[in-house]
Amino acid sequence: MITIKVILFISLFILFFSYIGYGIAVAAAVRLKRIFRRPKPLPEGYFPETTLVVAAYNEAGFIREKIANTLALDYPEGKLHILFITDGSTDGTDAIVSAYPSVRLMHEPARLGKTAALNRAMQQVHTPIVIFCDANTLLNDQAVKCIVRHYQDPRCGGVAGEKKVIAGEGGAENAEGIYWKYESLLKRLDAELFSVVGAAGELFSVRTELYRPVEKDVVLDDFIISLRICAEGYRIAYAPDAYAMESPSAGIGEEHKRKVRISAGGFQAISRLGGLLNFFKHPVLTFQYLGHRVLRWTLAPLSLPVALIANIWLVMAGYGGIYTLLLAAQCVFYAAALTGWALAMRDIKFKPAYVPFYFVFMNVSIYEGFFRFIRKKQQAAWDKAVRAPTLQNS
């Protein structure tokens, strides 16, 4: 039974470290770093020429609001170039964009996915900095200024903006907002220690000269682009004051599709970023990459059933005390998750069940994403996400 005990506690440790312990470790490392090197504030008044690239697929219902928001961004006149690429759109998105003379349009009928669209768009970008953002988000008016100021640091190869999920009327999908608040905290710590571990496609930026064309089958283009820049010795800074606002998924079914796709893309990324596992070449970055990303996509989901089975085994074998308490805690947690799932199916709001439900939901999606990855069923092109109407009504 010693082996089963070891398996149980290793599984629990992996889960703890992946979701809580890593944050504690990075926070401690940042506090230690501040003792020897205090971060210097960046000067104001830095306004290099910049291109904002928006990839839009069948966004006719929202694209006018997106364009109006983009044209309202506060940046010196003539220094911000705006490029919309609408490849594959069949709902007239391209025709709407073409009506705005200050916005450059690129469009091809073929639908090859966002990665292919970005590769094509980058052939037309000639400014030193490029910013990417999703078509279904709205940016704060200072977003461009807040991003480009980080490029005064020559070590900065890219900048990750902030994603804000606008709370809706209710439903378990709103736990997505809780998750992103925690992720934002980790990004702050990661960036101060060394680098953000992969930018989110809602809003991120890179030095144009560091952009490398991405394979057309890549699912998580933002993640791959940003971490390949890190592999060249640069860091990805974090600009929480530059944010993209989007509504939560329209329902748990839509969020499930998104999570499975991200999970499949995560396994694909791990298979293509093998160089980042070299501690000798990238000691700090490798620690961040493993602790913040790889463990969550690999050993942490596996540890959930392993910990439960090992715990049941030990209690059935007559081991009480702490093992009974651990099993009771796991049973309560999964009961809460099950309750959250049952309520989500009925669109009933019950916040105490959101977090356990969303946690289990994410990890189940990782399993599905893994099998989709090994069967090569995840395509780079995806169905347009259906979002709740919160953002449009805001």
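About the thresholds
Residues numbered from 1 in each chain as written. Predicted model: local features only at pLDDT ≥ 70, side-chain atom pairs only at ≥ 80, totals over all residues. Heavy atoms only, no water. Helix = DSSP H or I, 4+ residues; strand = E, 2+ residues; numbered from the N terminus. Rg over C-alpha atoms; globule rule 2.2 N^0.38 Å. Buried < 20%, exposed > 50% of the residue type's maximum accessible area, 1.4 Å probe, protein only. Contact = heavy atoms within 4.5 Å. Areas by Shrake-Rupley, 256 points an atom, 1.4 Å probe, with all protein chains shown as cover. Lys, Arg positive; Asp, Glu negative; His and termini not counted. Charge placed at Lys NZ, Arg CZ, Asp CG, Glu CD. Pairing = 2+ DSSP bridges. Patch = residues over 30% accessible without salt bridge, like charges linked within 9 Å, V, L, I, M, F, W, Y side chains within 5 Å. Salt bridge = Lys/Arg side-chain N within 4 Å of Asp/Glu carboxyl O. Core = buried A, V, L, I, M, F, W, Y, C linked by side-chain atoms within 4.5 Å. pLDDT = per-residue confidence, 0-100.

Engineer: Please give an account of the overall build of the protein chain that cites residues and values.
Structural biologist: What the protein chain contains, in helices and strands, is 13 helices and 8 strands. Here the C-alpha atoms of the protein chain give a radius of gyration of 22 Å, agreeing with the 21 Å that 2.2 N^0.38 yields for 394 residues. Its C-alpha atoms give the protein chain principal-axis dimensions of roughly 75 × 55 × 35 Å. A total of 394 residues make up the protein chain; the buried ones form 53% of that total. For the protein chain, the proportion of contacts with a sequence separation of at least 24, taken over those separated by at least 6, is 79%. For the protein chain, the exposed area adds up to about 18,300 Å²; of that, 63% sits on carbon and sulfur atoms. Measuring between centres, the 44 positive side-chain charges of the protein chain sit 7 Å from its 34 negative side-chain charges.

Engineer: Run through the pairing of strand β8 (residues 235–246), naming residues and quoting values.
Structural biologist: One ladder, built from 2 bridges, connects strand β5 (residues 138–139) with β8; its direction is antiparallel. If you follow leucine 139 over to β8, its bridge partner there is alanine 244. Alignment of strand β6 (residues 156–165) against β8, held across 8 bridges, turns out to be parallel. Within the sheet, the bridge partner assigned to glutamate 162 lies in β8 and is tyrosine 243.

Engineer: Give me a nonpolar patch on the surface: which residues, what numbers.
Structural biologist: Together, Leu299, Leu302, Tyr367, Phe370, Phe371 and Ile374 give the surface a local cluster of nonpolar side chains, amounting to about 520 Å² of exposed area. Contributions of two or more residues to the nonpolar patch are made by α10 (299–316) and α12 (354–374). Sorting elements by how many residues they give to the nonpolar patch places α12 first, with 4 residues. Take leucine 299: it is sitting in helix α10.

Engineer: Before we move on, could you go through the nonpolar core and cite the residues and values that matter?
Structural biologist: By size, the foremost hydrophobic cluster in this structure holds 43 residues, and its most contacted members are Phe132 and Tyr289. Excluding residues within four positions of it along the chain, tyrosine 289 makes contact with Val197, Phe223, Leu227, Ala269, Ile270, Leu273, Leu276, Leu277 and Val294. Val54, Ile63, Leu139 and Tyr151 belong to the second-largest nonpolar core, a separate cluster that totals 32 residues.

Engineer: Give me the confidence of the model for the protein chain: which residues, what numbers.
Structural biologist: Model confidence for the protein chain is summarised by a mean pLDDT of 90, while 92% of its residues fall at 70 or above. Counted against residues more than four places away or in other chains, residues 169–173, with its pLDDT under 50, gives 15 contacts.

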